[in-house]
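In case you want the letters, here they are:
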Amino acid sequence: MFVIETPIGPLGVTVDGPAVVGVRFAARPGPSTEHPAIEQLRAYFSGALTDFTVPFELRGGSEFERAVWGEIARIPYGEMITYGAIATALGDPGAARAVGTACNRNPIPVIVPCHRVVGAGGKMVGFGGGLDRKRILLEIEARVALQKAWS
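All values reported here derive from a predicted model rather than from experimental measurement.

**Focus: the packing of helix H1 (residues 36-46) against helix H5 (residues 131-150)**
Axis angle and axis distance: for two packed helices, these are the angle between their axes and the distance between the axes, and together they describe the pair. In contact at an axis separation of 9 Å, H1 and H5 are set at 70° when each is read in the N-to-C sense. Between H1 and H5, the crossing angle belongs to the class labelled roughly perpendicular. Across the interface between the two elements, Tyr44, Phe45 and Ser46 from H1 touch Leu137, Ile140, Glu141 and Arg143 from H5. Residue composition of the contact of H1 with H5, grouped by class: four nonpolar, one polar and two charged.

Structure below.
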């Protein structure tokens, strides 16, 4: 695991060859390296990158969790969607809480942007990394999206 310092604290990044297989919040300081994932995360946090192109592999999880992670991976930069909307997209409108649980189990947060999933009415609820981190990630994306729109 490599560690990168970010505005939301140190992130531990686990890779298997070229693919990212894990991102962990509040990682202990440790080794860093030059890997495309590290470079892209730095660019993301600086506002220079809006779409990750580094390969990733979602390992583990149930069939439902993998389906949720797939939906999350498609949420555009700077946009948000509700847990209920993902549940509906997966064919089970009553599964919003299960979507929240799957988001919490996302093995590659930030790159697979579970922070873009919010409660009904845009309410800021739940996030495995804590609501402060979620808010910072959403604020970074909102700022960059506005800058691009006004340029």
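**Points about the sheet that holds strand S1 (residues 2-4)**
Picture the strands of a sheet paired through backbone hydrogen bonds; they go either parallel or antiparallel. In space, the three strands of this open sheet follow the order S1-S2-S3, with antiparallel pairing throughout. The open sheet is flanked by S1 and strand S3 (19-25), the only strands paired with a single partner. Direction aside, neighbouring strands of the sheet carry axes that sit 30° apart on average. Pairing geometry for strand S2 (residues 11-16) and S3, over six bridges, is antiparallel. Directly across from aspartate 16, in S3, lies its bridge partner alanine 19. Against the sheet, H1 engages S1, S2 and S3, with an angle of about 145° to S2.

**Quick look at H5**
Given a rise of 1.5 Å per residue, 20 residues ought to cover 28 Å, and the 28 Å separating the end C-alpha atoms of H5 matches this to within 8%. Buried residues along H5 sit against H1, helix H3 (83-89) and strand S5 (117-118).

**Comments concerning unusual backbone geometry**
In this structure, alanine 26 is a non-glycine residue whose phi angle is positive, near 55°. As for its position among the elements, alanine 26 is in the loop between S3 and H1. Assessed through its relative accessible area of 48%, alanine 26 is described here as partly exposed. The backbone phi angle of valine 110 is positive, close to 75°, even though this residue is not glycine.

Cut-offs and rules
- Residues numbered from 1 in each chain as written.
- Predicted model: local features only at pLDDT ≥ 70, side-chain atom pairs only at ≥ 80, totals over all residues.
- Heavy atoms only, no water.
- Axes fitted to C-alpha atoms, helices over the stretch in contact; angles between N-to-C directions.
- Helix = DSSP H or I, 4+ residues; strand = E, 2+ residues; numbered from the N terminus.
- Parallel < 35°, antiparallel > 145°, perpendicular 65-115°, else oblique.
- Contact = heavy atoms within 4.5 Å.
- Nonpolar A, V, L, I, M, F, W, Y, C, P; charged D, E, K, R; others polar.
- Pairing = 2+ DSSP bridges.
- Expected span 1.5 Å × (residues − 1).
- Buried < 20%, exposed > 50% of the residue type's maximum accessible area, 1.4 Å probe, protein only.

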